[in-house]
Amino acid sequence: MKCPRCDANISDNVKRCAFCGQDLSVVHYTRRVSNAHYNLGLEKAKVRDLSGAILTLQKSLEYDKNNTNARNLLGLVYYEMGEIVMALSQWILSKYLQPEDNIADYYMETIRKNQTKLDALNQTIRKYNAALTAAKAGSIDLALIQLKKVVTTNPQFVRAQQLLALLYIESGDVPRAAKCLRQARKIDFNNTTTLRYMQEIGDKAMTTDRRGSAAVRKNTVKKNTVKKKDPLENVTPVGPYEEDKSSLMPVVTAIIGIVVGIIVSFVLIRPTLSKTRLGSTGSDSQIEAQKTQISSLEEQRDSLSTEVEELKKQIQDGDTEAQNKLKKYEKLIVGAESYIEGDKVQAAVDVGGCTKDDFDSDEAKTLYTKISYLSADQIKALNDQAYSEMNNSSYETALSTYKKVLAVDDDNQEAMLWLGRCYQRLGKNKKAKKWYDKAIVVDESTSQAAQARTFLEEVNQYLGIDNDTAKATDTPQTTDNTRTADDTQATDVPQTTE
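Please read these numbers as outputs of a predicted model, since none were measured by experiment. (Residues numbered from 1 in each chain as written. Predicted model: local features only at pLDDT ≥ 70, side-chain atom pairs only at ≥ 80, totals over all residues. Heavy atoms only, no water.)

## Topic: the overall build of the protein chain
At step 1: Of the regular secondary structure elements, the protein chain holds 22 helices and 0 strands.
At step 2: Residues classed as buried in the protein chain amount to 35% of the 498 residues present.
At step 3: Put simply, 54% of the contacts in the protein chain that link residues at least 6 apart link residues at least 24 apart.
At step 4: Summed over its atoms, the accessible surface of the protein chain is roughly 30,900 Å², and 53% of this surface lies on carbon and sulfur atoms. (Helix = DSSP H or I, 4+ residues; strand = E, 2+ residues; numbered from the N terminus. Buried < 20%, exposed > 50% of the residue type's maximum accessible area, 1.4 Å probe, protein only. Contact = heavy atoms within 4.5 Å. Areas by Shrake-Rupley, 256 points an atom, 1.4 Å probe, with all protein chains shown as cover.)

## With respect to the packing of helix α19 (residues 413–425) against helix α21 (residues 447–463)
At step 1: The interhelical angle for the contact between α19 and α21, taken along N-to-C directions, is 20°, at an axis separation of 10 Å. Taken as axis vectors, α19 and α21 run roughly parallel relative to one another. The two elements α19 and α21 cross, and the hand of that crossing is left-handed. Mapping the contact onto sequence places Q413, E414, L417, W418, R421 and Q424 in α19 and Q448, A449, Q451, A452, F455, E458 and V459 in α21.
At step 2: Here the residues of the contact of α19 with α21 are counted per class, giving 6 nonpolar, 4 polar and 3 charged. (Axes fitted to C-alpha atoms, helices over the stretch in contact; angles between N-to-C directions. Parallel < 35°, antiparallel > 145°, perpendicular 65-115°, else oblique. Left-handed = near helix turned anticlockwise from the far one by under 90°. Nonpolar A, V, L, I, M, F, W, Y, C, P; charged D, E, K, R; others polar.)

## Remarks on the confidence of the model for the protein chain
For residues with low pLDDT, the predicted coordinates do not support detailed interpretation.
At step 1: Confidence in the prediction of the protein chain, expressed as mean pLDDT, is 74, and 68% of residues score 70 or more.
At step 2: Below a pLDDT of 50 lies the segment residues 208–248, which in the model reaches 12 contacts outside its immediate sequence neighbourhood of four places, other chains included. (pLDDT = per-residue confidence, 0-100.)

## Focus: the nonpolar core
At step 1: Within the largest apolar cluster, 42 residues are counted, with the highest numbers of intra-cluster contacts made by V77, I84, W91 and L332.
At step 2: If we skip the residues at most four places from it in the chain, L332 touches V351, F359, A364, L367, Y368 and I371. (Core = buried A, V, L, I, M, F, W, Y, C linked by side-chain atoms within 4.5 Å.)

## What to know about the layout of surface pockets
At step 1: Considered as a void within the structure, the largest pocket measures approximately 1,100 Å³ in volume.
At step 2: Along the wall of the largest pocket there are 31 residues; nearest its centre are D64, K65, N66, N67 and L97.
At step 3: Only α1 (25–46), α2 (50–63), α3 (68–80), α4 (84–97) and α16 (362–371) provide two or more residues apiece to the lining of the largest pocket. (1 Å grid on protein atoms, 1.4 Å probe; cavity = no way out; pocket = protein on both sides within 12 Å on 5 of 7 lines; lining within 4 Å. Points joined across faces, edges and corners; volume = space filled by probe spheres on them.)

## What to know about the packing of α3 against α4
At step 1: Across the interface, α3 lies against α4 with an axial gap of 7 Å and an inter-helix angle of 165°. By the angle between their axes, α3 is roughly antiparallel relative to α4. In the crossing of α3 with α4, the sense of the turn from one axis to the other is left-handed. Residues T68, R71, N72, L74, G75, L76, Y78 and Y79 of α3 lie in contact with α4, whose contacting residues are I84, M86, A87, Q90, W91, L93, S94 and L97.

## A look at the packing of aromatic side chains
At step 1: With the rule as written, the count across this model stands at 7 aromatic pairs.
At step 2: Taking 5.5 Å as the distance between ring centres and 65° as the angle between the ring planes, the aromatic pair formed by Y387 and W418 counts as edge-to-face. You can see Y387 sitting in helix α17 (residues 376–391) and its partner W418 sitting in helix α19, a full 31 residues away along the chain.
At step 3: According to the relative accessible area criterion, Y387 is buried, its value standing at 12%. (Phe/Tyr/Trp six-rings, centres within 6.5 Å; stacked < 30°, edge-to-face > 60°.)

## So, unusual backbone geometry
At step 1: Phi at R48 is positive, roughly 65°, even though this residue is not glycine.
At step 2: Within the element layout of this structure, R48 appears in the loop between α1 and α2.
At step 3: Positioned with a positive phi, D101 is a non-glycine residue whose angle comes to about 50°.

## Things to note about the pattern of salt bridges
At step 1: In this structure the tally under the stated criterion is 9 salt bridges.
At step 2: Linking K95 and D105 is a salt bridge whose minimum nitrogen-to-oxygen distance equals 3.0 Å. Here the residue K95 occupies a position in helix α4, and D105 occupies one in helix α5 (residues 104–113), the gap between them amounting to 10 residues. (Salt bridge = Lys/Arg side-chain N within 4 Å of Asp/Glu carboxyl O.)

## Describing empty space enclosed by the protein
At step 1: Per the stated rule, a full pass over the model turns up 1 cavity of 30 Å³ or more.
At step 2: Counted as a void, the largest cavity has a volume near 50 Å³.
At step 3: Along the walls of the largest cavity sit S89, I92, L93, Y329, L332, I333, A364 and L367, which together make up its complete lining.
At step 4: Where the lining of the largest cavity is concerned, the elements lending two or more residues are α4, α14 (283–340) and α16.
At step 5: Counted by class, the lining of the largest cavity contains 7 nonpolar, 1 polar and no charged residues.

## Some points on α4
At step 1: The end-to-end C-alpha separation of α4 is 20 Å, in line with the 20 Å expected for 14 residues at 1.5 Å each.
At step 2: α4 sits mainly inside the fold: 11 of its 14 residues count as buried.
At step 3: Of the positions making up α4, those classed as buried are I84, V85, A87, L88, S89, Q90, W91, I92, L93, S94 and K95. (Expected span 1.5 Å × (residues − 1).)

Right under this line is the structure:
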């Protein structure tokens with residue numbers, strides 16, 4: 001272990017740091033508590049109490065965030081529940097905390113090998129978010145269609161099973177809701193949300209399944225057997241005499257019989273009468289009826305086409321937020337891999353365009369803060385590398401390097417200046433003008449701003465912006481190897497930072 005005060009490597013069983021004298025009793029206590037919660041979480045995971053295991057493992061990480069065993073197990077639990085993004089986040093953090101001899105490598109490599117399955121799981125997350133958006137908007141049918149595809153592709157996705165069951169309950173389809181809840185409970189036996197939904201639909205969840213269940217029938221037999229063993233169960237106390245109320249069942253039965261008779265008459269007799277009327281009115285009435293029916297069908301077709309287009313738009317709108325969020329996490333994963341491989345500059349570039357608020361968990365925010373930071377010396381070294389590439393006439397390479405600088409430091413005036421110079425050397429004067437303008441806006445009082453103004457005047461002449469100067473063609477300038485005296489004096493000399 002490492003001393004929390006001096007960061008020295010020390011033995012796990014010492015009570016005081018031999019280098020700085022720090023008392024380690026509190027550290028040992030937190031590690032013991034963290035391991036105890038990890039063991040409890042492992043026991044819950046073995047009996048498929050996955051939601052309980054998540055809470056316990058999160059508590060373990062609160063005591064010791066470096067407990068990679070707890071973090072790896074938490075990733076496995078998330079993966080078992082269909083939460084692929086959360087699982088990868090935990091394994092990446094575990095790999096960052098323990099680069100060597102980490103089982104997280106095997107988990108991530110297993111997922112990477114089956115790219116088709118990974119893409120399918122990503123699609124299920126997008127469809128789930130689209131279904132959730134549609135359900136909130138009141139489009140129950142659209143949400144049901146999306147969720148059926150989700151649970152077909154990823155039946156382990158507990159949240160999708162729960163939402164599908166909730167929509168079935170809302171639609172009054174209790175047997176299908178019960179089927180979804182049973183599937184969710186097979187994955188996570190003690191999930192509070194699943195149990196609450198089952199309690200909501202009550203005994204119907206077990207007795208109204210179309211196919212029936214042997215376990216249900218067995219339980220029913222047991223209940224009946226218990227009742228028969230009690231000889232006094234059906235005995236009621238003797239009280240004052242009351243006249244029995246007349247039953248309504250005969251009346252209800254008669255009404256049902258009348259309704260059935262009317263329906264039968266309507267179905268069997270009316271078609272015959274209709275045919276008779278059609279025969280008497282002649283072919284003109286038949287043609288008119290067919291035209292009316294065709295017109296009605298065309299109106300229904302147009303209405304359905306409009307509705308389909310609206311539903312497609314809803315799906316696209318619902319996918320946008322999920323796709324953007326997933327792209328941010330994918331950037332974080334790529335950046336973490338670059339950081340682990342030792343390329344800190346590339347790691348910071350990989351997460352360019354992201355902010356800490358783009359991530360939900362504290363661990364992801366901490367990881368982003370770690371890999372997105374570059375010191376002033378590192379940024380200066382990257383600037384020097386780009387300037388050297390530009391001097392060697394490798395303008396495309398210099399462009400790529402300067403863009404890396406701006407990805408991690410978007411207000412770097414020196415990078416803006418020389419990025420514009422590279423574009424100017426390549427003959428792309430409009431892009432050069434854009435970056436010169438940006439460099440001037442950052443700080444107009446610096447030497448870089450003054451140099452940008454000089455270059456900007458040259459570009460404006462090429463673009464014909466200055467009305468007092470004759471328009472010139474937009475042709476590439478000479479390379480840095482054939483600089484003029486003015487260029488050498490005032491252009492390609494690296495400037496000191498302010």
